[in-house]
Amino acid sequence: MNEPSISVKNLTKSFGDRRVVDDLSFDVRKGEVFALLGHNGAGKSTTIDLILGLKTPDGGTAKILGMDAAKHRKQVFERVGVQLQHTQYQTSITVEEACIEYASLYASPADYHKLLDGFGLAPLRKSLVSKLSGGERQKLSVVLALIGNPEIVFLDELTTGLDVVARREVWRTLKQLKEQGLTIFLTTHYMEEAEALCDRVCIIKSGKKVAEGTVDEVVAASGGKDLEEAYLFFMGEEELL
Amino acid sequence: MKRFLSMYRVEQKLFFRSPDVILFCLAMPLVVFVLITMIAGGKVASSSGLTYLQSAYVSLSTVGICCSAFMSIPITIVECRSQGVLRRMYCSPCSPARLLACDTICSGVIAALSTLILTVAAVVVFGYRMPGNVFAYMAVWLLTMISMFSIGLMVASLCRTTKSMNVVTSLLYFPMLLFSGATIPAEVFPGGLRAVSKLMPLGVGIDLLKSVSVGCYDKLTLPVITLIAITVICGTVAVKTFRWE
């Protein structure tokens, strides 16, 4: 009955000689916020690409809602929202037009006015996306990830480039969505973000899992006092502590 | 359908914001038409028996098709792919057919608008009257458009990078624009070049349109079959080889 929302088993991917994702396994349960943590180039984005079917794994499986995203693209993405790193938009499209266009792709989209309001983007409705600041564009990509009323949302480095206030706005909205039962899969470089939002985290190094569990479990296993210390411990960077 | 329309409306607005579209699809054919007609409008073009006015109207009514098919369609799709817009679209329930259909209809509307402007100028200002059946002409024009668009869509699917697409579109666009008789009347070409123009896909369409425009309906079968075959083959390749990134 309680099938995991996302299920990754022995996932492996190499580019040439370099193994980017190495025998990675984890489950994300329904309604939980799960973070994949690791350095730049640790394989986080590749793992997301593999789960979403944007890349084909060399070995192992990744299922969303029990389905293979590459094979059941339409069914999967009707229920799954995605924010990719560096989301791009058509030249000369406005914020509102981007919302209308993406909303038109889903059977029962959310009200984009409410979403724009929630992220403080309502006054920018008529602005060109190309004229937005980095943070505003980042928030728009989160809005578009949520526009299909998804059950699961993927957020790849969602708050990179956001200022402190904008980051808190995004956190607040994500917490509200979590209370409504949304499953969230995110990657981040900010440990305090993982601590503030996540039920469970998985730390990877060179594509391999080095720690997994609730924030408290991971911190306890490392002997550190917070997630940042635990992260550095598992990365083998203790000398920085 | 309502959902498709909202997507279409946004895409169409984006098309009209592109200055190239206005310049090449809408303004250029009109300017060339006015020039040719003012210089030689009443003269009979040597081989076809059409006046330059009649010939230029037909030829230039395909320039919008040519620009859309070999410039706007491949450029829009390949740029969206290389910038990662299609990668994001992949992560939504949007099907490739829907995306291609949407961009094709947008380009079709531009091509039709281009021809409409030309027609108003020809009929109102220069007193052009088509001897042949107008509805038959519209049908053949539509067939030519769909057929050329399928080539453009195939190019968009096959070219992986903006660079290769630029090379291929230039190789298609400029020869078709200049040597198929779309801008420079084929009647002034030397024999060899005229034979080449008749072999170009757009040249086939233009010849067919010229016949229909003067009410000459024999010898339609072969070009019509050729255009339909192009549509089926290129359209199938376009959908089968479509890539999101």
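Residues numbered from 1 in each chain as written. Chains lettered and ligands numbered in written order. Predicted model: local features only at pLDDT ≥ 70, side-chain atom pairs only at ≥ 80, totals over all residues.

Overview of the nonpolar core
Our working definition: Only buried Ala, Val, Leu, Ile, Met, Phe, Trp, Tyr and Cys residues enter a nonpolar core, and they are joined through C-beta atoms within 7 Å. Three exposure classes are used, all based on how many other C-beta atoms lie within 10 Å of a residue's own C-beta (placed from the backbone): buried at 20 or more, exposed at 12 or fewer, and partly exposed between those limits. Note on conventions: DSSP H or I runs of at least 4 residues are helices, E runs of at least 2 residues are strands, and numbering of each starts at the N terminus. Each residue is represented by a C-beta atom placed from its backbone, and any two residues with such atoms within 7 Å are regarded as in contact.
V143 and I147 of chain A together with C66 of chain B are the most contacted members of the largest nonpolar core, which has 143 residues in total. The leading source of residues in this core is helix α4 (residues 63-83) of chain B, at eleven residues. Contacts of C66 of chain B, omitting those with residues within four sequence positions, involve M148, Y173, M176, L177, A182 and L202 of chain B.

Quick look at the interface of chain B and chain A
Put simply, the rule is: Under the grouping applied here, Gly and all other residues not named as nonpolar or charged are polar, the nonpolar ones being Ala, Val, Leu, Ile, Met, Phe, Trp, Tyr, Cys and Pro and the charged ones Asp, Glu, Lys and Arg.
Taken together, the contact pairs 19 residues of chain B with 21 residues of chain A. For the side of chain B that touches chain A, the secondary-structure elements that each account for two or more residues are α1 (2-16), α4 and α5 (85-90) of chain B. Among the elements that make up the side of chain B that touches chain A, the one with the highest residue count is α1 of chain B (six residues). The residue makeup of the side of chain B that touches chain A, split by class, is nine nonpolar, five polar and five charged.

A word on helix α1 (residues 44-52) of chain A
Residue and element names in this part refer to chain A. Along α1, nine of the nine residues are buried, which leaves the element largely enclosed by surrounding structure. Among the residues of α1, K44, S45, T46, T47, I48, D49, L50, I51 and L52 are the ones counted as buried. Positive phi shows up at G53, right after α1, with a value of about 80 degrees.

Description of the sheet that holds strand β8 (residues 200-205) of chain A
Residue and element names in this part refer to chain A. Condition: Criterion used throughout: strands pair if DSSP finds at least two bridges between them. The angle between two axes is taken between their N-to-C directions and runs from 0 to 180 degrees, where each axis is a line fitted to C-alpha atoms and a helix contributes only its stretch in contact.
Strand order in the open sheet formed by six strands is β5-β6-β7-β3-β8-β9, and the pairing between neighbours is mixed. At either margin of the open sheet sits one strand with a lone partner, and together these are β5 (80-83) and β9 (208-214). Averaged over all neighbouring strand pairs, the angle between strand axes comes to 15 degrees, with direction disregarded. One ladder, built from four bridges, connects β5 with strand β6 (residues 152-156); its direction is parallel. Directly across from V82, in β6, lies its bridge partner F154.

Focus on the sheet that holds strand β4 (residues 59-64) of chain A
All names here are of chain A. The antiparallel open sheet is built from three strands, whose spatial order is β2-β1-β4. In this open sheet, the two edge strands, each paired with only one partner strand, are β2 (18-28) and β4. Taken over all neighbouring pairs, the strand axes of this sheet differ in orientation by 25 degrees on average, direction set aside. One ladder, built from five bridges, connects strand β1 (residues 6-15) with β4; its direction is antiparallel. Along β4, the bridge assignment pairs T12 with G59. Sheet strands in contact with α1 are β1, β2 and β4, and its direction is about 115 degrees off that of β1.

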